[in-house]
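What the coordinates show
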Amino acid sequence: MTPDTQLINHPYKAPDEFEASTPGAFKASTVLFPNVAAMRSRQWADRSAYTYGTHGTPTTFTLEARLATLEGAKHCVLTPSGLLAIGLVDMAFLDAGDEVLIPANAYGPGKAFAHGDLARWGIQTTFFDPLNPNDLAEKISAKTRLVWLEAAGSITLEFPDVPACVAVVRAANDAGREGRARPIITALDNTWGAGVAFQAFEMGVDLSMQALTKYPSGGGDVLMGAVFTRDAALHNTLQMCHMRLGICVGANDAELVLRGLQTIHVRYHHQDATTRSLAEWAVTRQEFAAVRHPALPDSPGHATWLRDCSAAACLFSVVFKPCYSSAQVDAFCDRLTVFGLGYSWAGPMSLAVPYSLDADRGCGEALVGVVVRFAVGLAHVDDLRADLAQALDGMVADA
Ligand SMILES: *Cc1c(COP(=O)(O)O)cnc(C)c1O
């Protein structure tokens, strides 16, 4: 055998008795089989064996199992972003002629996928008011196949009654049993709850997804998503679509999420405490017409949050009084120094984003004025409060 072949076919076996508690980052496209019989018989779908890199590795199987434990699910598939986790659910379950119902305050890029691509494939999107289960009941049609839920909603943080919405869908399924070809599926975007604030599947949903980019990673350095279910048939449909699309994640990223998961509860509760303190302080400021955080009594859906959750995520939003122009609010954001300007949340860095919301957000009472969404990281609460105060005080001087 020539040296170059010797180098390529070099004998290798993973170390015995290397019983570290931390899983390794296994990387491979190809998995070698001892013989053709093994090649033909090995099954990846039940996670009992390895066949090809896109079908899973010891690292991704371990991550899926730990995430399923966090989420209270039986099954999990990984995607390279949270947005693709939403897209995978849509692609796996929706056919031409179907309709998907999406909460009016849902994560914006998920709506954009529905409008931009699902529409192209003959799938209709209808929005509903997540604070009004009757509105959901009225919007359900014979074509409805999938109902998305999100708790709390993006940016404006209204907290919906998830069990009531699920009950509406179940009633529609029961009523339409004869006429409806397939039951309506419910899917929850559980990025905010992260498997910590409440248990998605105790709320009765069929599927959940998370942007692992947020809390499970926690480092602000990974993009990843996951879709969860307790139902074997739904999981099978999902993972076959996942496999056909060639969706997979890198081992180094999976390893980072495995590392982040070990501290998720500590981070979630610490960031919760800092965020609540800042949101309560914001209520005392005269600049704001409203402060949105589910733990504040005036925040829409507060009573539902109180009933269903044991914690809250690191987000709060302020609505500036209409006397503040959007240019003044932009200048306020520019004066922040501890908060950075940037998208995403649940990492160490605290972030702010100004939004002008669509008038037709269609969720409870309409919000008038410019909104700033704050994502609170791991900086000290005193420094974050002082930063907000100096930026607001500068604003009054401007006015
Ligand atoms: C961030 C986010 C996503 C998308 O996650 P990415 O990994 O950034 O694609 C989906 N849903 C919610 C609620 C999010 O906040």
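Residues numbered from 1 in each chain as written. Predicted model: local features only at pLDDT ≥ 70, side-chain atom pairs only at ≥ 80, totals over all residues. Heavy atoms only, no water.

**As for the pairing of strand β11 (residues 351-355)**
- With four of five residues buried, β11 lies mostly within the body of the structure.
- The pairing of strand β10 (residues 340-341) with β11 spans two bridges and is parallel. Bridge pairing in β11 links Leu 341 to Ala 352.
- Pairing between β11 and strand β12 (residues 371-375): five bridges, direction antiparallel. (Buried < 20%, exposed > 50% of the residue type's maximum accessible area, 1.4 Å probe, protein only. Helix = DSSP H or I, 4+ residues; strand = E, 2+ residues; numbered from the N terminus. Pairing = 2+ DSSP bridges.)

**Some words on the site of the ligand**
- Near the ligand there are 13 residues, and of these Gly 82, Leu 83, Asp 189, Thr 213 and Lys 214 occur at the shortest range.
- Within the contact set of the ligand, an oxygen atom lies 2.9 Å away from a backbone nitrogen or oxygen of Leu 83.
- According to the grid-proximity analysis, the pocket containing the ligand is the largest pocket.
- Considering each element in turn, the shell around the ligand owes the most residues, three residues, to helix α4 (residues 82-93).
- Looking at the shell around the ligand, its residues break down into six nonpolar, four polar and three charged. (Near = heavy atom within 4 Å. Polar contact = N/O pair within 3.5 Å; in protein donor to acceptor, adjacent residues only side chain to side chain. 1 Å grid on protein atoms, 1.4 Å probe; cavity = no way out; pocket = protein on both sides within 12 Å on 5 of 7 lines; lining within 4 Å. Sits in = over half its atoms within 2 Å of the grid points. Nonpolar A, V, L, I, M, F, W, Y, C, P; charged D, E, K, R; others polar.)

**Here we look at the layout of surface pockets**
- What the largest pocket holds in volume is close to 650 Å³.
- If you trace the largest pocket, you find 34 residues lining it, with Tyr 107, Gly 108, Pro 109, Ser 154 and Lys 214 closest to the centre.
- Going through the elements one at a time, α4, α5 (108-118) and β6 (207-211) are the ones with two or more residues in the lining of the largest pocket.
- Of the residues contributing to the lining of the largest pocket, the split by class is 18 nonpolar, nine polar and seven charged.
- Two domains each donate at least three residues to the lining of the largest pocket, and these are domain 1 (36-261) and domain 2 (264-398).
- Forming the walls of the second largest pocket are 15 residues, and the residues nearest its centre are Tyr 12, Ala 28, Thr 30, Val 31 and Leu 32.
- Tallied by class, the residues present in the lining of the second largest pocket amount to eight nonpolar, four polar and three charged. (Points joined across faces, edges and corners; volume = space filled by probe spheres on them. Domains from an automatic or database assignment.)

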